[in-house]
Amino acid sequence: MSSPLRAVDVNPTYADHPLPRTHAPPEVSGEKGFAKYRDCLRLEFSARCAYCLSHEGEVGPSQNYGGFEVEHFKPQGRREFHSLRNRYSNLLWACPTCNRAKGHRWPDPEEQKLGARFIDPTVEAMGDFLVINGVRVDQVEPTSQAAAYTIEQINLNSAAHKERRRKRQALAPKLALVEAKIEVLRERHAATGDADALDALNALESELREIGTLVGWQPTSWDMPSTCFCAAPAQQLRRRKPRTRRERRKQNALG
Amino acid sequence: MTETNLQPVEARSFVVEPKLSSRVVSGGTAPTGRESSQGAYVSTVADHARSSREPSTRAAILDALYEERSALTRDRRLSRLTEAGAARLSELEAYIDDIELAEERSAGDAVWRQLERIASRVVAIDAKR
């Protein structure tokens, strides 16, 4: 029987193409309207951080999606971009470490003249700019100001990021060792026909699969939503009944 | 600005810190009024961040540290970073690393422990055969 962790993505790498936008949710409004897009973003980014590629499971408990957040590529905290706060194409899924480091930072005109800018993973191939070498993220082109700015401002080589990569890499051989032992035990079972051993091995395999899913090494995530805002029933998207006189006036004015 | 869970009041109270700590760099005093070295004051803030059980407090302190870091990295990019600024930058980065690392270590340990448990069970079964 094949091992459950054979075909897993142990070392995530930056994509050699822009990440495709596969969701097209309806427009939303309000200061926190963008929060409705959370499930679309989790599905679209496979529960991984758009910048550092960490999986939700590596970062924190499942109750709050590992602390991942809706990230505004063009920061909503800047006046010039505030109108984009609910625009889906401006939103990414990011881990709390990257999200906090990026904050509302954006290069000013003086820095932009030098080529400083953030790389948008949905517009450009991150793999053209960044590469993961061991526990570090390096620039593909040493002279690229965009890569340098993105690494520096998102702090992709912070101690926390390096620790996360170190853990991920340390876990890989350990999982391989457990897998190899399972194979040996399977062969013994085949030779001796011990049914109890087979049950125990099946249980172990299932637990291993669970870990693989937990740390994002399996294609399906732990608790990925089965539906998202795109697939929401039409009545949920319909405008709610006005509750106040002011709201009634506003809706009447809109026709 | 991105989606965060910050409490506005707490965030406001910490946002002033970069300015205060800059004052300390130039030989001023810590907000308590006592004389303080730059390291001692920022170290107190970082200790508070590490020991705080309130994630929003930690987040607010980190936001303030990142804000100041960003200003200094801008100076560096534009070749305007002073010697004192460079020293301050490396100090800030050390504090950020320190606080984030503590969070990181506590977060991923559950997976690690689960794997250790499975590995020892496999070894035990292997030994029984």
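Here is a short report on the structure shown in this document. (Residues numbered from 1 in each chain as written. Chains lettered and ligands numbered in written order. Predicted model: local features only at pLDDT ≥ 70, side-chain atom pairs only at ≥ 80, totals over all residues. Heavy atoms only, no water.)

### Some words on the overall build of chain B
Part 1 of the argument: Of regular secondary structure, chain B possesses 6 helices and 0 strands.
Part 2 of the argument: Starting at the N terminus, the α and β elements of chain B follow one another as α-α-α-α-α-α.
Part 3 of the argument: Counting contacts in chain B only where the partners sit at least 6 residues apart, residues at least 24 apart contribute 59% of the total.
Part 4 of the argument: As displayed, chain B has an accessible area near 6900 Å², and 54% of this comes from carbon and sulfur atoms. (Helix = DSSP H or I, 4+ residues; strand = E, 2+ residues; numbered from the N terminus. Contact = heavy atoms within 4.5 Å. Areas by Shrake-Rupley, 256 points an atom, 1.4 Å probe, with all protein chains shown as cover.)

### Concerning the overall build of chain A
Part 1 of the argument: A count of helical and extended segments in chain A gives 9 helices and 4 strands.
Part 2 of the argument: Listed N to C, the secondary structure of chain A is α-α-β-β-α-α-β-β-α-α-α-α-α in terms of helices and strands.
Part 3 of the argument: Sequence separation of at least 24 residues holds for 68% of the intrachain contacts in chain A that already meet a minimum separation of 6.
Part 4 of the argument: Roughly 12800 Å² of accessible area belongs to chain A as shown, and the carbon and sulfur atoms make up 51% of that amount.

### Digging into the packing of aromatic side chains
Residues and elements named next belong to chain A.
Part 1 of the argument: In total, this model carries 8 aromatic pairs over all chains according to the counting rule given.
Part 2 of the argument: Each ring, one from Y37 and one from Y88, has its centre 5.1 Å from the other, and the planes form 80°; the classification is edge-to-face. Residue Y37 is found in the segment before α1 (38-44), and its partner Y88 is found in the loop between β1 (69-72) and β2 (91-94); the two are separated by 51 residues along the sequence.
Part 3 of the argument: By relative accessible area, Y37 is classed as buried at 1%.
Part 4 of the argument: Note on Y88: relative accessible area 9%, which makes it buried.
Part 5 of the argument: Taken together, a centroid distance of 4.9 Å and an interplanar angle of 65° make the contact between F118 and Y149 edge-to-face. In this pair, F118 is assigned in the loop between α4 (109-113) and β3 (130-133) and Y149 in helix α5 (residues 145-154), connecting sequence segments 31 residues apart.
Part 6 of the argument: The rings of F73, F81, W106, F118 and Y149 are connected pair by pair, giving a single aromatic cluster.
Part 7 of the argument: The ring of Y88 carries the charged tip of R21 above its face, separated from the ring centre by 5.1 Å.
Part 8 of the argument: Sitting over the face of the ring of F118, K102 holds its NZ or CZ atom 4.9 Å from the ring centroid. (Phe/Tyr/Trp six-rings, centres within 6.5 Å; stacked < 30°, edge-to-face > 60°. Buried < 20%, exposed > 50% of the residue type's maximum accessible area, 1.4 Å probe, protein only. Lys NZ or Arg CZ within 6 Å of the ring centre and 35° of its normal.)

### Details of helix α6 (residues 159-192) of chain A
Part 1 of the argument: Here α6(A) contains 34 residues, and its C-alpha end-to-end distance of 50 Å stays within 8% of the 50 Å for a straight helix at 1.5 Å per residue.
Part 2 of the argument: A positive phi of about 75° marks G193(A), the residue just after α6(A). (Expected span 1.5 Å × (residues − 1).)

### Overview of the pairing of strand β4 (residues 136-139) of chain A
All names here are of chain A.
Part 1 of the argument: Bridge count between β3 and β4: 4 bridges; the pairing is antiparallel. Note on β4: the bridge partner recorded for I132 is V137.
Part 2 of the argument: Hairpin connection from β3 to β4: 2 residues lie between these consecutive antiparallel strands, with G134 at a positive phi of about 65°. (Pairing = 2+ DSSP bridges.)

### Here's the deal with the pattern of salt bridges
Part 1 of the argument: Following the criterion strictly, the structure yields 22 salt bridges over all chains and no others.
Part 2 of the argument: Through salt bridges with shared partners, one network takes in D108(A), E110(A), E111(A), E152(A), R74(B), R76(B), R77(B) and R80(B). (Salt bridge = Lys/Arg side-chain N within 4 Å of Asp/Glu carboxyl O.)

### What to know about the nonpolar core
Part 1 of the argument: Core analysis: the largest hydrophobic core is formed by 42 residues, its most contacted members being Y37(A), L41(A), C49(A), Y51(A), C98(A), L130(A) and L156(A).
Part 2 of the argument: Going through the elements one at a time, α1, β2 and α5 of chain A are the ones with two or more residues in this core.
Part 3 of the argument: Judged by nonpolar contacts, the second largest core, of 11 residues, contains A101(A), L72(B), L89(B) and I99(B). (Core = buried A, V, L, I, M, F, W, Y, C linked by side-chain atoms within 4.5 Å.)

### Considering the state of the cysteines
All names here are of chain A.
Part 1 of the argument: Taken as a whole, this structure holds 0 disulfides over all chains when the rule is applied.
Part 2 of the argument: As a non-bridged cysteine, C98 has C95 as the owner of its nearest cysteine sulfur, 3.6 Å distant.
Part 3 of the argument: Classification of C98 as buried rests on a relative accessible area of 0%.
Part 4 of the argument: Here C230 stays unpaired: no disulfide links it, and the sulfur of C40, its closest cysteine neighbor, is 3.5 Å away. (Disulfide = S-S within 2.5 Å.)

### Some details on the environment of A94(A)
All names here are of chain A.
Part 1 of the argument: With respect to the helices and strands, the residue A94 is situated in strand β2.
Part 2 of the argument: For A94, a relative accessible area of 0% gives the class buried.
Part 3 of the argument: As a C-alpha pair, A94 and V70 span 24 residues in sequence and 6.5 Å in three-dimensional space.
Part 4 of the argument: Sequence-distant contacts of A94, that is, excluding residues within four places in its chain, are made with C49, A50, Y51, F68, E69, E71 and N99.

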